[in-house]
Structures are given as structure tokens and as C-alpha cells.
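Residue-level structural notes
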Amino acid sequence: MDKKIYDNYVNILKSELVPALGCTEPIAIAYAAAKAKEILGQFPEKISLCCSGNIIKNVKGVVVPNSSGLRGIDVAATLGVVGGEASRQLEVLEGITKEHIERAKELVANGYCSCKLQEDVENLYIVARAEAEGHYAEVTIINRHTLIKRIEKDGEILFDYEMEQQSSNHIDKSLLNLDQIIEFANEVKLEDIQEVIGQQIHLNTAIANEGLQNPYGAQVGRTLLETYGNDIKVRARAKAAAGSDARMGGCSLPVVINSGSGNQGMTVSLPVIEYAMELGTSKEQLYRALVVSNLIAIHQKKYIGSLSAYCGAVSAACGAGAGITYLHGGSKEDISQTITNTIANVGGIVCDGAKSSCAAKIASSVDAAILAHSMGSKKRGFQPGEGIVQEDVEDTIRSIGHIGRVGMKKTDVEILNIMINRVNVKEEQIV
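All of the points below concern the structure found in this document. Small disclaimer: the values here were computed from a predicted structure and weren't measured.

Read across the open sheet, the six strands follow the order E3-E2-E4-E5-E6-E7; overall the sheet is mixed. Strand pairing shows two members of the sheet lacking a second neighbour, strand E3 (113–117) and strand E7 (156–160), which therefore form its edges. Neighbour-to-neighbour, the strand axes of this sheet turn through a mean angle of 15°, independent of strand direction. Relative to strand E5 (residues 135–142), strand E4 (residues 125–132) is paired through eight bridges, and the arrangement is antiparallel. In the sheet register, Tyr-125 faces E5, and the bridge partner there is Ile-142. Packing against the sheet, helix H4 (residues 73–83) makes contact with strand E2 (46–51) and E3, and its axis sits at approximately 130° to E3.

In C-alpha cells:
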């Protein structure tokens, strides 16, 4: 395999598959606030935020990690200021104590933090401004949960990040395609991916087990096992859902994310891990299957963007279905059919923010991916010309990406309007 592409794929995995504590949107807010406090150099008298609609949507209904069940943008930002460690990035709230929580609750009750919606910006957009004694520090995050674009203090620009320089190890997601993803998975040296994939298996399995053992959220994972039994098709759905139950319910365990999302990181990995255990496959084969699942999910999301009205569980489940097909010895054509069958089935699931129902959407998406795999294994599938299905799987992926990025822009706005009560659905007239 071409060394440039090989190294690029390794760097994509290392860049994308990183640990995060809890839902990544409130964590990104806490990180921005903690960084603003650090730059200010003293405890702020107040903190203010400007956020995109997608950030507000994904923070509104989810428990802030390590907050003892508290919710909200003001809680996330205030905890970031009170006890956050900016150097830990997506684990910024790891060191939060009971004293920090009580102090944050007191500050929030006194209006310490304010937030306003910023329109006509990137879907992932956060500006945190910390002020004290006539001084201010402002931190801007865009496009990626830890990507600081700009740092300003008292009118001086301290840092301005060039967007094309996404990391010190340059990555180019435009080079991702199904053929080379499979080639890379077959050829990659295990020592190049062992740490990142091994961490994904360890952390995501731990939080899934936590979700099955304890009553987090709506208990979707536990309900699946209690209702439908212990079949592998149920266990694969239940494990992924239970991880989300725990994560959306405020569990303090970290997860390894995919495409900036812990839910997507669990969806793309846990079903594959469960199938590998059922099939008795080797560690090496599991690692290679997880390379397939992770990169296919990232490949799809590059067309959609980090946040949109398109539920990321679908693209992650497509990746998981592809990984399951790979575990079964499926060819490139078989994997293509799994992806196509999944997209053709559940491509329309909408994202209405991070909350307990994410676990159910994950379960539905993984169910569709397992069905897609089963159909493909019998040489059955949805055909070109049926809806958005194209002749080539890459064009089908581009099609659903266009829908998620462009077609659902208005949907995204209306979802947010309903969530923040700009629309009174009770007064809607039937036409």
C-alpha cells in the first residue's frame, strides 16, 4: 500500500479515536471555559458563551459528566471554570469534586454564566469569554470539539489557528475510500494501531457493562436483553445502547470517540466486539475489523460534518455492519452491500440533541446494520435507482452525506426552534 495513504490512515485513527469523558458537547463547553479562565489568569467574575444551534441542541438534555446529575450549558461552563483542567481537553472534568459541584451550583443560581445563540456560523461553534476586574479572555472553538481557532486577551490576539492545519500529524480525510480502507485493514501492522484500537475496546466495553449493570437513563440496553433474550443480534444492540444509556445518564467513565462523538464511538465498536466474541475470532481479526468499522464511519461523516440534523448513529452503525461483515470474511462487494442496505433503510433518523433516546436510536441503527449484513450475506439488497441508492457505494455515501449536510439544514433549524420554544406546535395549523 502507498506509504502516504498508509501513514494518513494511521494518523486519522490516532486523531479521531481519543478518550472523552461524557457527552462531547458539554465537555467542549467546559474545555473552552476552563481555557478562558487559564488565559485570564484569575478566577472570572462572570463567564459568557456564544454557541451554535447544534451545540445548544446537544447540551440541553444531557447530564454534564461528573456533575451529580446536573444539566445545562451554564453548568458545563461553570464547572469548567471552577474545577476544570484545560490541559486534559476532552477529560477536562475528570478532577471535579463535590466541593466544585456545590460551588458551581451556587454560581449558576446567581446568574454567573450567560449564553446566547450565534446564528450563521459553523455547526460546531463555541466562544467562551471570561471577565474579571476590567480584563477579559476569549476562546473560540470551531469544527472540532478541541480545535481552538482563536485566543484573545484584552484586545490582543494571542493565538489564531489556520484551519487547514488540523493537527501536527497532517491528516487528509479526502483520501478515504472503501477500497483502500479494506486494503489498509488487511495490511496494517498491528503495532501501528494496537494502542488506539486496544483503548477503544477496553474503555467502551467498560462503560457498556456499566450501563447494563446499573439503571442509567431510559435503560434501553437492559430492556433489550430483558425483552428479547440473549441472542447475538440482541447483545450487539444492547451493548451499544447500554453504553449510551450510561454516557447520556452522566456516568463518569470515559469512552473512545469516533467523529467527535462518544455515542458514535460506542456504536461503531461494541457490536463488532460482541460479534467477534460470538464467532471466536482472533484478537488480530477483531482489530482489523475495528479498523474497517471506524474508518468507514469517519469516511461517511467527512461528507456530513461533525454536527447536523442527521443522526450520527446511522453512519457509525454502517461502519459496525461493515466490520461485522469483515469478521465473517465478506468481500468488498459484501461490505458495500451492507453499507448500502443500512443507508437505504435508516438514513432518515434525525438528531434532536444528546439525551437518553440516543440509546434507542443506536439500537435501531445497529439493528438495521445487522439486517443489512444478513441480507447481503444472502446476496440480497436494495438496488441502484431505488431512492438515493446509486450504482457505486461511494456515490451512495456521497448522496446521504449531501442530505445530511445540505438537505437537512432547514430541518436542523426547525428542530432547534422547537427545542428552545421559538415554535409553538400547539398552535400549528393543519394544511
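Next up on the list: helix H12 (residues 312–327). An α-helix turns once per 3.6 residues; consequently, residues spaced three or four apart project the same way. Between the first and last C-alpha of H12 there are 23 Å, a value that for 16 residues agrees with the 22 Å anticipated at 1.5 Å per step. By the criterion of burial, H12 is predominantly enclosed, with 16 of the 16 residues buried. Once H12 finishes, Gly-329 follows within two positions and takes phi at roughly 80°, a positive value.

Now for the environment of Lys-410. Following the sequence through the fold, Lys-410 ends up in helix H16 (residues 409–419). Sequence-wise, Lys-410 and Tyr-303 are 107 residues apart; in three dimensions their C-alpha atoms are separated by 17 Å.

This next bit is on empty space enclosed by the protein. Gaps left between atoms show up when a probe the size of a water molecule is rolled over them. One pass over the full model with this rule turns up one cavity of 30 Å³ or more. In this structure, the largest cavity occupies an estimated 320 Å³ of space. Lining of the largest cavity is provided by 29 residues; of these, Ser-261, Asn-263, Gln-264, Gly-312 and Cys-351 occupy positions nearest its centre. Listing elements by their share of the lining of the largest cavity, those giving two or more residues are helix H2 (24–40), helix H9 (232–248), helix H10 (262–279), H12 and helix H14 (358–377). Here the residues of the lining of the largest cavity are counted per class, giving eleven nonpolar, twelve polar and six charged.

Taken as a whole and judged by the stated rule, the model has 22 salt bridges. Linking Lys-173 and Glu-16 is a salt bridge whose minimum nitrogen-to-oxygen distance equals 2.5 Å. Highlighted residues: Lys-173 in the loop between E7 and helix H6 (178–187) and Glu-16 in helix H1 (residues 3–16), separated in sequence by 157 residues. For Lys-173, a relative accessible area of 27% translates into the label partly exposed. With a closest N to O distance of 3.2 Å, Glu-152 and Arg-150 form a salt bridge. A relative accessible area of 12% places Glu-152 in the buried class. Linked by salt bridges that have partners in common, Arg-235, Lys-239, Glu-274 and Glu-278 make up one network.

Turning our eyes to something else, we now look at the layout of surface pockets. Roughly 200 Å³ of volume is contained in the second largest pocket. Lining the second largest pocket are 14 residues, and of these Ser-336, Gln-337, Thr-340, Glu-391 and Val-393 lie nearest its centre. Looking at the lining of the second largest pocket, the elements with two or more residues in it are helix H13 (332–346) and helix H15 (393–407). With five residues, the top contributor of residues to the lining of the second largest pocket is H13.

Attention now moves to H10. Compared with the 26 Å implied by 1.5 Å per residue over 18 residues, the 26 Å span of H10 between its first and last C-alpha is a close match. Residue Ser-261 occupies the N-cap position of H10, its side-chain oxygen lying 3.3 Å from the main-chain nitrogen of Asn-263. Two residues or fewer past H10, Gly-280 is found with a positive phi of approximately 70°.

About the cut-offs
Residues numbered from 1 in each chain as written. Predicted model: local features only at pLDDT ≥ 70, side-chain atom pairs only at ≥ 80, totals over all residues. Heavy atoms only, no water. Pairing = 2+ DSSP bridges. Helix = DSSP H or I, 4+ residues; strand = E, 2+ residues; numbered from the N terminus. Axes fitted to C-alpha atoms, helices over the stretch in contact; angles between N-to-C directions. Contact = heavy atoms within 4.5 Å. Expected span 1.5 Å × (residues − 1). Buried < 20%, exposed > 50% of the residue type's maximum accessible area, 1.4 Å probe, protein only. 1 Å grid on protein atoms, 1.4 Å probe; cavity = no way out; pocket = protein on both sides within 12 Å on 5 of 7 lines; lining within 4 Å. Points joined across faces, edges and corners; volume = space filled by probe spheres on them. Nonpolar A, V, L, I, M, F, W, Y, C, P; charged D, E, K, R; others polar. Salt bridge = Lys/Arg side-chain N within 4 Å of Asp/Glu carboxyl O. Polar contact = N/O pair within 3.5 Å; in protein donor to acceptor, adjacent residues only side chain to side chain.

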